[in-house]
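Read off the chains here:
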Amino acid sequence: MTLRTYDPSKLDQFSLRLLDLAAILRQMANRSREKGIADLPLHDKKALEWCAKLEQWAHKTRADLEVKILQDMAEKRDR
């Protein structure tokens, strides 16, 4: 994995990209519902694996952020 720094703007861009993907899937669900498509065969194994890994990554990253916040607060308090 590549370690890159993210500012709040870049985090927003990443989250909006994920929301765009979610919107596509929601549109597909609504369109299927509207057109009476009861089942759509999909190859989902890899996508579900990626989602699980992304969830784990997001939880770890959030924990890392909380640690960084606490470290920054301690440094400011020590000054």
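Data block above holds the structure.
This structure is a prediction, so every number in the text was calculated from the model and none was measured.

Draft legend 1. Seen up close, the environment of Ala38. Tracing the backbone through its elements, the reader meets Ala38 in the loop between helix H1 (8-34) and helix H2 (45-78). Its relative accessible area of 78% is what places Ala38 among the exposed residues. Separated by twelve residues in sequence, Ala38 and Arg26 have C-alpha atoms that sit 15 Å apart.

Draft legend 2. Layout of the pattern of salt bridges. Summed over all chains, the structure comprises three salt bridges. Between Glu49 and Lys46 there is a salt bridge, with its nearest N and O atoms 3.6 Å apart. Taken together, the positions of Glu49 and Lys46, both in helix H2 and three residues apart, correspond to about one turn of that helix. Taking the relative accessible area as the measure of exposure, Glu49 reaches 30% and is therefore partly exposed. Given the relative accessible area of 51%, Lys46 is considered exposed.

Draft legend 3. Local environment of the layout of surface pockets. By volume, the largest pocket amounts to about 1700 Å³. Listed by contribution, the elements that provide at least two residues to the lining of the largest pocket are H1 and H2. Ranked by residues supplied to the lining of the largest pocket, first place goes to H2 with 15 residues. Grouping the amino acids of the lining of the largest pocket by side-chain chemistry returns 19 nonpolar, four polar and seven charged.

Draft legend 4. How the structure looks around the packing of aromatic side chains. This structure, assessed with the given rule, holds one aromatic pair. Aromatic pair Phe14 and Trp57: ring centres 5.5 Å apart, planes at 70°, arrangement edge-to-face. You can see Phe14 sitting in helix H1 and its partner Trp57 sitting in helix H2, a full 43 residues away along the chain. The exposure class assigned to Phe14 is partly exposed, which follows from its relative accessible area of 27%.

Draft legend 5. Summary view of H1. The terminal C-alpha atoms of H1 lie 38 Å apart, and with 27 residues this matches the ideal 39 Å at 1.5 Å per residue to within 8%. With its phi angle positive at about 70°, Gly36 sits one or two positions after the end of H1.

Rules and cut-offs
Residues numbered from 1 in each chain as written. Predicted model: local features only at pLDDT ≥ 70, side-chain atom pairs only at ≥ 80, totals over all residues. Heavy atoms only, no water. Helix = DSSP H or I, 4+ residues; strand = E, 2+ residues; numbered from the N terminus. Buried < 20%, exposed > 50% of the residue type's maximum accessible area, 1.4 Å probe, protein only. Salt bridge = Lys/Arg side-chain N within 4 Å of Asp/Glu carboxyl O. 1 Å grid on protein atoms, 1.4 Å probe; cavity = no way out; pocket = protein on both sides within 12 Å on 5 of 7 lines; lining within 4 Å. Points joined across faces, edges and corners; volume = space filled by probe spheres on them. Nonpolar A, V, L, I, M, F, W, Y, C, P; charged D, E, K, R; others polar. Phe/Tyr/Trp six-rings, centres within 6.5 Å; stacked < 30°, edge-to-face > 60°. Expected span 1.5 Å × (residues − 1).

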